[in-house]
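Chain residues, written in single-letter form:
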Amino acid sequence: MASIRLNALDAPEIQSIHEASLKILRDTGVLIHHEAVLQLLGEHGATVDRHRQIARLPESLVEQSAARAGKRCILHGRNPERVARFGWGDLNLLSSPGQFGWVDSASQRRPVTLQDARDAIRLGDALPNITIAGSMAQPQEISEQYREVLLTAELVKNSTKPTRTWIYNGRTARYVLEIYRAVAGGDAALRQRPMGEAFLEPISPLQMPGDGLDVVIEFVRAGQPVSIGPMAMTSGSSPGTLAGTLAQENAEILAGVVITQLLQPGAPIIYGGIPHILDPRTSICSFGSPEQALMAVAMVQLGRHYGFPVYINVGLTDAKTLDAQAGVEKGATLALGALAGGELFGHAGICGTDHGASLEWLAADDEIMAYVKRLTRGFAVTPETLATDVVGAVGPAGNYLAEEHTVAHFRKELWAPGTVWTRQAWPTWEETGRESMGD
C-alpha cells in the first residue's frame, strides 16, 4: 500500500528556507529575555550583545544542535496503556490546554469555571480520538498564582491519558512536575516514562521569553521533552509572504532547539510549526485560512527535514457556530496536515479564533479526526482486494451483500461514522428531529 504524502515545497525550496533561517539567526539574531541562557549561548560560540540581549547563532551551532536533539518520545498517562507517541508517525489530537471563555449549548459565551474544566477533562478522556487531554478552561475563580498547578491535579485525577495545561513560569513548573512525579512513582519513574512536555512559545519576531525558558529548564532537568512552537502571523509579526513567515518561524524554532540542547543534550524535541496569518480586513489572527493549511504542510516538511516529529495548528476555524464554514476549515486543514505527515494536531474544542472552548466542539473535533484517520489509512490493492473471482461468481445483475468476501472485508475497508453524522434517509432524518451535527 502506497502512503499518501502531500508536499507544498520541493527539495530546493526546503533548502532555501533552511539557509534563510540560518542567515536570520547568524546575522539578525534572537532577543533572549533570560540572562543565564544568554550567557550559556555566549559560552558556546554565539555572538552576544549583552546590552541589547541579542544572541547571533553560528550555523555550526544550529546544525549541531538539530542533529543532537532527540527525535522520538512517548508521553504517558496515568493508565500505562494510554500514551502519545512521537516519531512513529502516529496521529495525536490534543484538546485545548485552556481557554478563558466558554461557549455553552446555546452558543452563548461566558467566563469559564472549574466545573467546566472538570467536565471537559472527563469528556476528553472518554473521546476515542483525543490522545492528550487538555484542561480546556482557565478558570478565573482560581488565582493565576497557582492555576496551572491546580489544573494539572484535576487533569491527572480526571483523565487516564497524557495531559497538558498552560504552564506560565518556572516556579509553577516545579509544582506541576511534583504532581507528575507523585503519579509516576518518583523522579526516576518520571524520567523513564515522561508525562508532560514543556511548551516553549517564542514571541515573534525573534524573541525568547524568560518565563518560557524557565519552564524549559525545569522540564529538561526532569527528563521531559520540549515542544517549540512560535505563532508568527504573516504580515503582522512575520513578513507579508508565506515563504518569509516560514523562514522566520523555522529560525525561531531552531533557536529554541539550540537552547534546549545546550541545557540538556539529546533532549527530545517536538517541532511546533504553528504560523498563522493576520487577516488584512480585521487585523486579527485567522485560524482557518487556506494559507494556514499550506503553511502547515510546509512546516511538516521542514520539521521532517531535521528529523523531528511535527506539531501543527490545524483542525481549527474562524467560525462561531458548527456550520459549513467550520466544517470546511476544520476538515480541510486537518486532512492536509495529517496527509503531510504531522503527528500532533490541536487544539481540539476551540470555538472560533480562541473565542472560547466548548464540549460540543470537542466532540465534533473528535469525529473529524476519525474521518481524517480513515483518509490517511488509504487502501490496499492486492489479488484479494481486487476480487476478480468474486466479481466472476456474482456476475452481471447480482449483488455482493451476502458474499463471504464482503463480510470478511467491509469492516476494515469502510469507515463507520459516529452517531453525530447524518447518513439516514430523509424521512428517517425528519422523524428523528431533523438534527444537524451541531444539534
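Data block above holds the structure.
Below is a summary of the structure that appears in this document. (Residues numbered from 1 in each chain as written. Predicted model: local features only at pLDDT ≥ 70, side-chain atom pairs only at ≥ 80, totals over all residues. Heavy atoms only, no water.)

Here's the deal with the sheet that holds strand 2 (residues 47-49)
Read across the open sheet, the four strands follow the order 2-3-1-12; overall the sheet is mixed. For this open sheet the edge positions go to strand 2 and strand 12 (207-208), each flanked by a neighbour on one side alone. Pairing between strand 2 and strand 3 (residues 54-56): three bridges, direction antiparallel. Across the sheet, the residue bridging to Val48 is Ala55, located in strand 3. (Pairing = 2+ DSSP bridges. Helix = DSSP H or I, 4+ residues; strand = E, 2+ residues; numbered from the N terminus.)

Structural notes on unusual backbone geometry
For the bond running from Ser204 to Pro205, omega is 0°, close enough to zero to count as cis. Of note, Pro205 is situated in the loop between strand 11 (198-200) and strand 12. Between Gly346 and His347 the backbone carries a cis peptide bond, its omega angle lying at 5°. As for its placement among the helices and strands, His347 is situated in strand 19 (residues 344-348). One non-glycine residue, Ser235, adopts positive backbone phi at about 80°. Mapped onto the elements of the fold, Ser235 is located in the loop between strand 14 (233-234) and helix 9 (242-263). Taking relative accessible area as the criterion, Ser235 reaches 46% and is therefore assigned partly exposed. (Buried < 20%, exposed > 50% of the residue type's maximum accessible area, 1.4 Å probe, protein only.)

With respect to the pattern of salt bridges
A side chain with one charge may pair with a side chain of the opposite charge, provided their charged atoms come close. If you walk through the whole model with that rule in mind, you get 16 salt bridges. Notably, a salt bridge pairs Glu59 with Arg26, separated by 2.6 Å at the nearest N-O pair. Of the two residues, Glu59 sits in helix 3 (residues 59-68) while Arg26 sits in helix 1 (residues 11-28), which places them 33 residues apart along the sequence. Here Glu59 falls in the partly exposed class, since its relative accessible area comes to 33%. When the shortest N-O distance is used, the salt bridge between Glu154 and Lys157 registers 3.8 Å. (Salt bridge = Lys/Arg side-chain N within 4 Å of Asp/Glu carboxyl O.)

Structural notes on the packing of helix 5 (residues 147-158) against helix 6 (residues 170-184)
It is the contact of helix 5 with helix 6, at a shortest axis distance of 9 Å, that shows an interaxial angle of 20°. When the interaxial angle is binned, helix 5 and helix 6 end up roughly parallel. Here helix 5 and helix 6 pass one another in a crossing that is right-handed. Residues Glu148, Val149, Thr152, Ala153 and Val156 of helix 5 touch helix 6, and the partners they reach there are Thr172, Tyr175, Val176, Ile179, Tyr180 and Val183. For the contact of helix 5 with helix 6, the per-class residue count stands at eight nonpolar, two polar and one charged. (Axes fitted to C-alpha atoms, helices over the stretch in contact; angles between N-to-C directions. Parallel < 35°, antiparallel > 145°, perpendicular 65-115°, else oblique. Left-handed = near helix turned anticlockwise from the far one by under 90°. Contact = heavy atoms within 4.5 Å. Nonpolar A, V, L, I, M, F, W, Y, C, P; charged D, E, K, R; others polar.)

Overview of the pairing of strand 15 (residues 269-272)
Neither face of strand 15 is exposed, since Ile269 and Tyr271 on one face and Ile270 and Gly272 on the opposite face are all buried. Sheet topology places strand 13 (residues 226-228) next to strand 15; three bridges connect them, and they run parallel. Bridged to Ile228 within strand 15 is Tyr271. Across two bridges, the pairing between strand 15 and strand 18 (residues 310-313) is parallel.

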